[in-house]
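Given next are the chains, with one letter for each unit.
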Amino acid sequence: STSANMVAMSSTSNPLSMVFVPEKNRLVVGENGKISIVQLGNPDVQEIVSYKLSSPGSLVYSAQADAVFIGDAASRAIYRWDWGTEEVVPVLENIGEVVSMAVKDGLLYWVEKSGTSLLWISIYNSELSWLPINDIASPNDLLHLSLSGQDASSNNSANMACITAHCSHLCFNEDTSGHTCSCPYGMSLSRDKMTCQEDCPDNVFSCGDGQCVPQSWKCDGTVDCTNQADEVNCTMVELARCDNSTQSTCDDGACILSSWWCDGDNDCPDSSDEKEDCPALVCGEDRFSCADKRQCVLAHWVCDGGEDCADGSDEADCQVSCPAEQFQCEDR
């Protein structure tokens, strides 16, 4: 590892999610109102624009379906983009705020914000199944799905030329075979097309050790200089640069997704997103409105034995009747 970095793409909005697809040698980035398809090392970016995409915060690629599934928290929906097309189509709507997804053996799995269930559907139909996981997760947990033991043979068509390349800093695989060496900001390729040499312009931030980074990288909250000089003597005001098109600014300067503001969960470190002046949530027809009017949960979670509302109102005054062949627990 060379610890070198460079700009993969520039955008007017903040990336909300991303997934690298080795089979396509592309990076898919979710943004407000679109997804962008990026070939690393290539400045040309393909954009799939759709009014349906408000906050695409979770992405996953299915090689079996040759499609990208998009979890949109603000729209409370899952969409699908078939590779090579120009349209995003709905898979499921009127669900919770999807925060993480995974795909395995023709099934699409996901978890929702403040949810305590693992949900899934077949990638070929929309029949919903779920499994309560409230014995290992609470509504306050931030859940993330990932797969272990992935079959490496599924990626055997991907070009891996960079593994044996001799680039000094950065290497990008071509689509089918071969590679291209590249350089981080402030450096350029020498004649051998493999080695980077210093080439810093005057209008950049100097790290003081021969390295330079763009001025916009100074005090952005991420260390880019190897000596960390770009993040020295930074104030909170400099660090707080929320994207107003997709984010809201907490009273302490932190940034959260706009769809998380007044949604019933404390997301700001100082809880300023859930003040008393938040309006009552209006739940959809298939949703249960919690007693505090700050949270909506799936209707089939009511009286299921696990508290999904933060105030526990989905399990209040429940009377469960068991069939004759089943045992009735004392807590009903």
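See the structure printed just above.
What you are looking at is a predicted structure, and each value in this text was computed from that prediction instead of being measured.

(A) Highlighting the overall build of the protein. Along its length, the protein carries 1 helix and 22 strands. In the protein, of all internal contacts separated by at least 6 residues, the share reaching a separation of at least 24 is 30%. Accessible surface computed for the protein: about 18400 Å², of which carbon and sulfur atoms make up 49%. Here the protein holds 17 positive side-chain charges and 53 negative ones, and the gap between their average locations is 5 Å.

(B) Looking closely at the side chain of D308. For D308, the position within the fold is in the segment after β22 (296-298). Summary of buried charges: D308 has no salt-bridge partner, and the nearest side chain of opposite charge, R287, is 9.7 Å away. When sequence neighbours within four positions are dropped, the list of residues in contact with D308 reads S114, T116, P139, Q295, V297, W301 and D314.

(C) Broad picture of the nonpolar core. Within the largest apolar cluster, 21 residues are counted, with the highest numbers of intra-cluster contacts made by F69, I78, M101, L108 and W110. The set of elements that each furnish at least two residues to this core consists of β6 (67-72), β8 (88-93), β9 (98-104), β10 (107-112), β11 (117-122) and β22. The greatest single-element share of this core, amounting to 3 residues, is contributed by β9. Beyond its immediate chain neighbours, meaning those up to four positions away, F69 contacts S58, L59, V60, S62, Y79, R80, V91, M101, L108 and I123. Counting residues in hydrophobic clusters, the runner-up holds 16 residues, among them V19, Y61, V68 and V88.

(D) Just the pattern of salt bridges, in detail. What the rule picks out here adds up to 7 salt bridges. A salt bridge links E97 to R76; its shortest N-O distance comes to 3.3 Å. Taken together, the positions of E97 in the loop between β8 and β9 and R76 in the loop between β6 and β7 (77-82) put the pair 21 residues apart, joining distant regions of the chain. With a relative accessible area of 7%, E97 lands in the buried category.

(E) Quick peek at the state of the cysteines. For the structure shown, the criterion picks out 10 disulfides. The partner cysteine of C250 in its disulfide is C268, sulfur to sulfur 1.9 Å. Every disulfide takes its handedness from the sign of the S-S torsion; for C250 and C268 that torsion is -80°, giving left-handed. You can see C250 sitting in the loop between β19 (247-249) and β20 (255-257) and its partner C268 sitting in the loop between β20 and β21 (287-289), a full 18 residues away along the chain. Considered together, C250 and C268 belong to a single accessibility category, that of buried residues. A disulfide bridge connects C290 with C309, and the sulfur atoms are separated by 1.9 Å.

(F) Representation of the sheet that holds β8. The 4 strands lie next to each other as β5-β6-β7-β8, forming an open sheet whose pairing is antiparallel. In this open sheet, the two edge strands, each paired with only one partner strand, are β5 (56-62) and β8. Averaged over all pairs of adjacent strands, the angle between their axes in this sheet comes to 25°, without regard to strand direction.

(G) Expanded view of the environment of H166. As for its placement among the helices and strands, H166 is situated in the loop between β12 (129-132) and β13 (170-173). Looking at H166, the relative accessible area reads 64%, which means it is exposed. Counting along the chain gives 28 residues from H166 to M194, while the straight-line C-alpha distance between them is 6.6 Å.

(H) Layout of the sheet that holds β10. Read across the open sheet, the 4 strands follow the order β9-β10-β11-β12; overall the sheet is antiparallel. Across the chains shown, the open sheet's two edge strands, defined by having one partner strand only, are β9 and β12. Strand-to-strand, the axes of this sheet are offset by a mean angle of 25°, without reference to chain direction. Pairing analysis gives 4 bridges linking β10 to β11, with the strands arranged antiparallel. Counterpart to Y109 in the pairing with β11 is W120.

(I) Here's a closer look at the packing of aromatic side chains. Considering all chains together, one arrives at 3 aromatic pairs under this definition. With 5.8 Å between their ring centres and 80° between their planes, Y61 and W83 make a pair best called edge-to-face. With a gap of 22 residues between them, Y61 in strand β5 and W83 in the loop between β7 and β8 connect regions that are remote in the sequence. Of the two residues, Y61 and W83, neither departs from the other in class, the shared state being buried. Summarising the aromatic geometry, the rings of Y109 and W120 are spaced 5.9 Å apart at their centres and angled 40° between planes, so their arrangement reads as tilted. A residue pair is termed long-range when its members are at least 10 positions apart, and Y109 in strand β10 and W120 in strand β11 qualify at 11 residues. Within the aromatic cluster, the residues linked to one another by ring pairs are Y61, W81 and W83.

Conventions adopted
Residues numbered from 1 in each chain as written. Predicted model: local features only at pLDDT ≥ 70, side-chain atom pairs only at ≥ 80, totals over all residues. Heavy atoms only, no water. Helix = DSSP H or I, 4+ residues; strand = E, 2+ residues; numbered from the N terminus. Contact = heavy atoms within 4.5 Å. Areas by Shrake-Rupley, 256 points an atom, 1.4 Å probe, with all protein chains shown as cover. Lys, Arg positive; Asp, Glu negative; His and termini not counted. Charge placed at Lys NZ, Arg CZ, Asp CG, Glu CD. Buried < 20%, exposed > 50% of the residue type's maximum accessible area, 1.4 Å probe, protein only. Salt bridge = Lys/Arg side-chain N within 4 Å of Asp/Glu carboxyl O. Core = buried A, V, L, I, M, F, W, Y, C linked by side-chain atoms within 4.5 Å. Disulfide = S-S within 2.5 Å. Pairing = 2+ DSSP bridges. Axes fitted to C-alpha atoms, helices over the stretch in contact; angles between N-to-C directions. Phe/Tyr/Trp six-rings, centres within 6.5 Å; stacked < 30°, edge-to-face > 60°.

Everything listed here is a matter of coordinates, which is why it stays silent on function.
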